[in-house]
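Descriptive analysis of the structure
Chain residues, written in single-letter form:
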Amino acid sequence: MSWLSSSQGVVLTAYHPSGKDQALGGNHGKGGEEATTSRRYGQYTMNQEITKVIERPSFDRSSSQDSLDELSMEDYWTELENIKKSSENRQENQEVVVVKEPDEGELEEEWLKEAGLSNLFGEAAGDPQESMVFLSTLTRTQAAAVQKRVETVSQTLRKKNKQYQVPDVRDIFAQQRGSKEREPPDGAESQSVRTDENKYQGKDDQASSLVVGGKELTPLVPEEAPASETDINLEVSFAEQAVNQKESSREKIQRSKGDDALLPSFRLPKDKTGTTKIGDLAPQDMKKVCHLALIELTALYDVLGVELKQLKAVKIKTKDSGLFGVPLTVLLEQDQKKVPGTRIPLIFQKLISRIEEGGLETEGLLRIPGAAVRIKNLCQELEAKFYEGTFNWESVKQHDAASLLKLFIRELPQPLLSVEYLKAFQAVQNLPTRKQQLQALNLLVILLPDANRDTLKALLEFLQRVVDNKEKNKMTVMNVAMVMAPNLFMYHTLGLKSSEQREFVMAAGIANIMHLLIKYQKLLWTIPKFIVNQVRKQNTENHRKDKKAMKKLLKKMAYDREKYEKQDKSANDADVPQGVIRVQAPHLSKVSMAIQLTEELRAGDVLARFLSQESSGVAQTLKNGEVFLYEIGGNIGERCLDDDTYMKDLYQLNPNAEWVIKSKPS
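Residues numbered from 1 in each chain as written. Predicted model: local features only at pLDDT ≥ 70, side-chain atom pairs only at ≥ 80, totals over all residues. Heavy atoms only, no water.

1. Here we look at the overall build of the protein
Condition: Helix and strand definitions here come from DSSP, where helices need a minimum of 4 consecutive H or I residues and strands a minimum of 2 consecutive E residues; each element is numbered from the N-terminal end. Burial classification: accessible surface area is computed with a 1.4 Å probe over protein chains only, and a residue below 20% of its type maximum counts as buried, one above 50% as exposed, and the rest as partly exposed. The contact criterion used is simple: two residues touch if any of their non-hydrogen atoms lie within 4.5 Å. Residue burial considers only the protein chains on display, and all accessible areas are found by Shrake-Rupley using a 1.4 Å probe.
Looking only at helices and strands, the protein has 25 helices and 14 strands in total. Per-residue burial for the protein yields a buried fraction of 55% across its 666 residues. Counting only contacts in the protein whose residues sit at least 6 apart along the sequence, the fraction spanning at least 24 positions is 76%. Of the roughly 29400 Å² of accessible surface on the protein, 48% is carried by carbon and sulfur atoms.

Structure (structure tokens):
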């Protein structure tokens, strides 16, 4: 493998007919901040200067706290050799993605845009009112992360002598704090969210206060440490937990060496208001979740002293049709014409299906490669015949299908873990504890684009099924992680010269991240409650502002204010007594039912009452995940409830919600 570097940038070799090292890309932009992404070995490399590849670094156990023993790493190095052989037989010219590391200030400016705070700078900086509600819901560590980025952008804009107004960061946070003081809460909706927050709120006297605009920003979420070391506390900001852990220094920092037996059995404590999974929220609320997840991830990395750098694909030249080397979004556009609503590429689904048809008990599954020349021929045949439906899948051996699956992942024009967050995924290995690593991975999964996240989920679920058969196929979770890590991440570190020891540490690090992704995937697809509560708070404040504006408008138009206020009351209040909710089920035989709330009533019980009214055949079909109870309106857009949600607790959190039974959108 050839790596050509210069003071201006890095040039990576790529596929070429001759098999000799030829330059694919060159110098891009100023200061060598851009690099091409080579897919000769199916890797995504975004670095400025890299030393020549060392085939297999020597191992020094004494200097590597996180290293796995050399025997257990054998699968990793073998997989790299297989990737190399496979790529040498893929000789056709491939397209490239140019990746740019932003200049000073650009990174922070892009970060603020992705966090939904672009109106804090630039031409809209003079009127940042849209962000005031958002800022009012942030924790202390989240606010500090935002403040740090706003200060950097402000300094950069001043250096560039921008003509538009550049606000002082202290003014922004002073407005946010002042806005909270001027507008006291009104209505049950606002009170319900505050009640839920205050239930867990605890002031830590040892915690340092963030003072902006002359005033103290008080965290809006609880600060106590989790009760159990194996519990993942989703009610408290992860960054706030990290601050308290650093201050108390009571929790011993532990690093697992990757052995499955040494990893704790982390679990999610039961939440009476229900667990929220990715896919349970309406798009408008999920967008807010992503903004908050980015800020929380950044705050967590800031607290722990780990650098979080996002990269950006600034020039993409990719195929607009086909199977291999095609962007996920393009593939899904093609596939949805054939199978409307599909969220995972059809070729990806078919390859997994073909592997499973051969039996997951096959020894060495995923580890043993198919013949490189045969894989190349199968790729060409698939490209020509897959969508025509004429491809002969009987000709694909099980190990060939596994190799094709890994090849598909490697040849994506942008990493499955995304260009923007690949470095952040890699940096997870630098976080001090396993619990913090899982918290970071949880936030990163939330931040992935939908297509990437859905495809990753399908992959991890498949890998878990492989692991479930480890007694026969001899593929433990660590074996699978070793084989898959180089396919998802890449071989080399980003932006750093690699010593032999560093090569091994990096390999062990990304293998361990892969291990965590597989083992804790159910946990990672959960939206933390503290973030959902922040979304509820935003919605409550926005509704209050809208209501206030409407009242003012109606007053100007000389409408009867009392009449408006009567109409504004929830319809539930008019015909449902206290302690009772009315559940709507427009698509079932029983379209509406009044349900008495009790301490033990759960969402699953409500569904069961409705399904008991259906014929046995229909009821059985619906029990198989066809319909769900939804919380709609009030302080949430829309939320699908899990069966173990306690309805009385949720009603107290969101008394103005409507309750509807319906199917989940595809």
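The discussion continues.
2. So, the pattern of salt bridges
Pairs can form between side chains of opposite charge once their charged atoms are near each other. Worth spelling out the cut-off: A pair is scored as a salt bridge if a Lys or Arg side-chain nitrogen falls within 4 Å of a carboxyl oxygen belonging to Asp or Glu.
Considering all chains together, one arrives at 25 salt bridges under this definition. The partner of Lys457 in a salt bridge is Glu461, and the shortest N-O contact between them spans 2.5 Å. Placement of the pair is Lys457 and Glu461 together in helix 15 (residues 450-467), with a separation of four residues, close to one helical turn. The exposure class assigned to Lys457 is partly exposed, which follows from its relative accessible area of 32%. The closest approach of N and O atoms between Glu599 and Lys648, which form a salt bridge, is 3.0 Å. Of this pair, Glu599 sits in the loop between strand 11 (592-596) and helix 23 (603-611) while Lys648 sits in helix 25 (residues 647-653), and the two are 49 residues apart along the sequence. Judged by its relative accessible area of 45%, Glu599 falls in the partly exposed class. Given a relative accessible area of 26%, Lys648 falls into the partly exposed group. Here the salt bridges do not stand alone but share partners, grouping Lys148, Arg149 and Asp302 into one network.

3. Concerning the pairing of strand 12 (residues 628-633)
Stated precisely, the cut-off is as follows: Two strands pair if DSSP finds at least two bridges between them.
Both strand 12 and strand 14 (residues 658-662) contribute to a ladder of five bridges, which runs antiparallel. Looking at strand 14, one finds that Ile632 is bridged to Glu658. Here four bridges tie strand 12 to strand 13 (residues 636-640), and the two strands are oriented antiparallel to one another. Across the sheet, Ile632 pairs through a bridge with Glu638, a residue of strand 13. Here strand 12 folds back onto strand 13, and the loop between the two strands holds two residues, one of which, Gly634, carries a positive phi near 75°.

4. A look at the packing of helix 12 (residues 398-410) against helix 17 (residues 477-488)
Rules: Between N-to-C directions, angles span 0 to 180 degrees; the directions come from axes that are lines fitted to C-alpha atoms, helices contributing only their stretch in contact. Each residue is assigned to one of three groups, with Ala, Val, Leu, Ile, Met, Phe, Trp, Tyr, Cys and Pro labelled nonpolar, Asp, Glu, Lys and Arg labelled charged, and all others, Gly among them, labelled polar.
Packing of helix 12 against helix 17 leaves a shortest axis separation of 8 Å and a crossing angle of 35°. Residues Lys406, Ile409 and Arg410 of helix 12 pack against Val483, Met484, Asn487 and Leu488 of helix 17. Taken together, the residues of the contact of helix 12 with helix 17 break down into four nonpolar, one polar and two charged.

5. Section: the packing of helix 11 (residues 372-385) against helix 12
Defined as follows: For classification, angles of less than 35 degrees are called roughly parallel, those exceeding 145 degrees roughly antiparallel, those between 65 and 115 degrees roughly perpendicular, and all remaining angles oblique. In a left-handed crossing the near helix is turned counterclockwise from the far helix by less than a right angle, and in a right-handed crossing that turn is clockwise.
Two elements in contact, helix 11 and helix 12, have axes separated by 10 Å at closest approach and are oriented at 70°. Comparing their axes, helix 12 and helix 11 come out roughly perpendicular. By crossing handedness, the relation of helix 11 to helix 12 is classed as right-handed. Where helix 11 approaches helix 12, its residues Arg374, Ile375, Leu378, Cys379 and Leu382 are matched on the opposing element by Asp400, Ser403, Leu404 and Leu407. Its residues assigned to classes, the contact of helix 11 with helix 12 comprises six nonpolar, one polar and two charged.

Keep in mind that these numbers describe shape and distance, not what the molecule does.
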